[in-house]
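Architecture at a glance
In case you want the letters, here they are:
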Amino acid sequence: ELDESGLSENTIVFYYSDHGGALGRSKRFMYESGLRIPLVIRFPQRYSDLAPAKSGSTTDRIVTFVDFAPTILSLTNIQPPAWLQGKAFLGKTQGSHREYAFAFRGRMDERFDMVRSVRDKKFRYIKNFMPHKIYGQYLSYLWQAPSMASWENAWQKGELNDVQSAFWKPKPSEELYDVEADPHNIRNLATLPEYKDVVLRMREANRQWMLEHRDVGFIPEPMMLEIAKSQSLYDYARSGKYALEKIMETAELASSMDPSVLPELKKRLTDKDPVVRYWAAVGCTILWKGAMSAKAPLSKLLNDPEISVRVAAAEALYLLSEKDKSLRVLRDALQSNNLMARVQALNVLGNMGKDAMPLMDAIKALLKENLKDGDYDVRAAKRLLEKMTSD
């Protein structure tokens, strides 16, 4: 089309891909297979002086999608505004080379997770803030790929080796991969002494990025919906109301999987900030039976003003053998007007197996009231009913 319109020699072409579709470990997953994409840029002869190297060559410069906008401005001799997150990598106003590329995983349709990642030219570091959630959480969209059901079926039959089975198991708190030696990100180096300095460096880079950009991903989504009724999350994060440093610290304690942090988590179950209380409750879920001494403060949270905190406490208490208390809170959440509160409750129920049976009527009622297949609560409820009836 460019040839036909006579624009080929006036056009710089960026040719690249999305990060994949419905394949396990592609889209939504924090590995090279889900994050690294191809990029080819073609400079016509008249603009060859703007190319960073000769035709046919390659570069190992780290580039991300957020760099595209400032790069286009730079190529047209327009100074990119300072508020753009990206860095120009071509043209007269290009910035210094990136040391890192950052990535994130949040809610995927009807399932919750929170992962942050940073990559330099050799290593990928991954921080799992919800390590108790398996990689292979069921997603109705992803499971349209026959390979996913096949993989899950093989796992259930015990036909997988250790590497193949890892997808169906809880995650470590941190991961580190040498992407040159291990392009498929199989061998986690995070706990090896010889990589301690690399982990510390990349962990800190990840933390600074979250702080700099006022990462709102720590706010549970039912709470996000309420905040967004009056202001954007961007503005809220910069309003002075968002205690990100303490929230991050709590989430890091919660996701550490370290029983020694329980006393501090118990203190934070009574914090004035609901996001801190939420992450303290999540930490008790992660510790599971190791959080037995937190039963009393968790029980008080079943009456918390924030529904996301109540559901998080109910999840932890269920694991501490307080099923009836948990089901009462989860039933109320299923009847909430807050879509994400319903989804959060359904996610908890999805891990309860037959113990969720007393709420089957409430789940069926939810489906009658919300008939759009695109609604995330409907997707989660349908899957839950399938499991309950098949089991």
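Above this text you will find the structure in question.
A brief structural summary. (Residues numbered from 1 in each chain as written. Predicted model: local features only at pLDDT ≥ 70, side-chain atom pairs only at ≥ 80, totals over all residues. Heavy atoms only, no water.)

For the rest of this paragraph, the subject is the overall build of the chain. Helix and strand counts for the chain stand at 17 helices and 6 strands. Against the globule reference of 21 Å for 391 residues, the chain gives a C-alpha radius of gyration of 23 Å, in line with a compact fold. Seen through its principal axes, the chain has C-alpha atoms that stretch 75 × 50 × 45 Å. Considering only intrachain contacts with a sequence separation of at least 6, the fraction spanning at least 24 residues in the chain is 62%. As displayed, the chain offers around 20200 Å² of accessible surface, 53% of which is attributable to carbon and sulfur atoms. Side-chain charges in the chain split into 56 positive and 51 negative, and the spacing between the mean points of these groups amounts to 3 Å. (Helix = DSSP H or I, 4+ residues; strand = E, 2+ residues; numbered from the N terminus. Rg over C-alpha atoms; globule rule 2.2 N^0.38 Å. Contact = heavy atoms within 4.5 Å. Areas by Shrake-Rupley, 256 points an atom, 1.4 Å probe, with all protein chains shown as cover. Lys, Arg positive; Asp, Glu negative; His and termini not counted. Charge placed at Lys NZ, Arg CZ, Asp CG, Glu CD.)

This part covers the sheet that holds strand S6 (residues 174-178). Backbone-to-backbone hydrogen bonds pair the strands of a sheet. The strands run either parallel or antiparallel. Read across the open sheet, the 4 strands follow the order S3-S4-S5-S6; overall the sheet is antiparallel. Bordering the open sheet on either side are strand S3 (101-105) and S6, each of which pairs with just one other strand. Each strand of the sheet is rotated relative to its neighbour by a mean of 15°, with strand direction disregarded. Across 5 bridges, strand S5 (residues 123-128) lies against S6 in antiparallel orientation. Each bridged residue has a counterpart across the sheet, and for Lys127 the counterpart in S6 is Glu174. (Pairing = 2+ DSSP bridges. Axes fitted to C-alpha atoms, helices over the stretch in contact; angles between N-to-C directions.)

This brings us to empty space enclosed by the protein. Using the criterion set out here, one finds 2 cavities of 30 Å³ or more in the structure. In this structure, the largest cavity spans a volume of roughly 80 Å³. Surrounding the largest cavity, Phe29, Met30, Tyr31, Arg105, Asp113, Val115, Ile126, Asn128, Tyr135, Lys171 and Glu175 form its lining. Residues of the lining of the largest cavity, tallied by class, amount to 6 nonpolar, 1 polar and 4 charged. (1 Å grid on protein atoms, 1.4 Å probe; cavity = no way out; pocket = protein on both sides within 12 Å on 5 of 7 lines; lining within 4 Å. Points joined across faces, edges and corners; volume = space filled by probe spheres on them. Nonpolar A, V, L, I, M, F, W, Y, C, P; charged D, E, K, R; others polar.)

Our focus in this paragraph is the side chain of Arg124. Relative to the assigned elements, Arg124 resides in strand S5. In terms of polar contacts, Arg124 uses its side chain to reach the side chain of Glu32, at 2.7 Å. Side-chain polar atoms of Arg124 contact the side chain of Ser117, separated by 2.8 Å. Not counting residues within four places of it along the chain, the set of residues in contact with Arg124 comprises Met30, Tyr31, Glu32, Leu35, Ser117, Val118, Arg119, Glu175, Leu176, Tyr177, Val179 and Asn185. (Polar contact = N/O pair within 3.5 Å; in protein donor to acceptor, adjacent residues only side chain to side chain.)

Residues Phe218, Trp279, Leu298, Leu330, Leu334 and Leu349 are the most contacted members of the largest nonpolar core, which totals 72 residues. A per-element tally of this core places helix H11 (residues 274-287) first, with 10 residues. Filtering out sequence-adjacent residues up to four positions away, Leu349 remains in contact with Leu327, Leu330, Leu334, Ala356, Leu359 and Leu384. Listed in part, the 19 residues of the second largest apolar core include Tyr138, Trp143, Met148 and Trp168. (Core = buried A, V, L, I, M, F, W, Y, C linked by side-chain atoms within 4.5 Å. Buried < 20%, exposed > 50% of the residue type's maximum accessible area, 1.4 Å probe, protein only.)

With 12 residues, helix H14 (residues 323-334) extends 16 Å between its outermost C-alpha atoms, agreeing within 8% with the 16 Å of an ideal straight helix rising 1.5 Å per residue. Buried residues belonging to H14 abut helix H13 (307-319), helix H15 (339-349) and helix H16 (360-369). (Expected span 1.5 Å × (residues − 1).)

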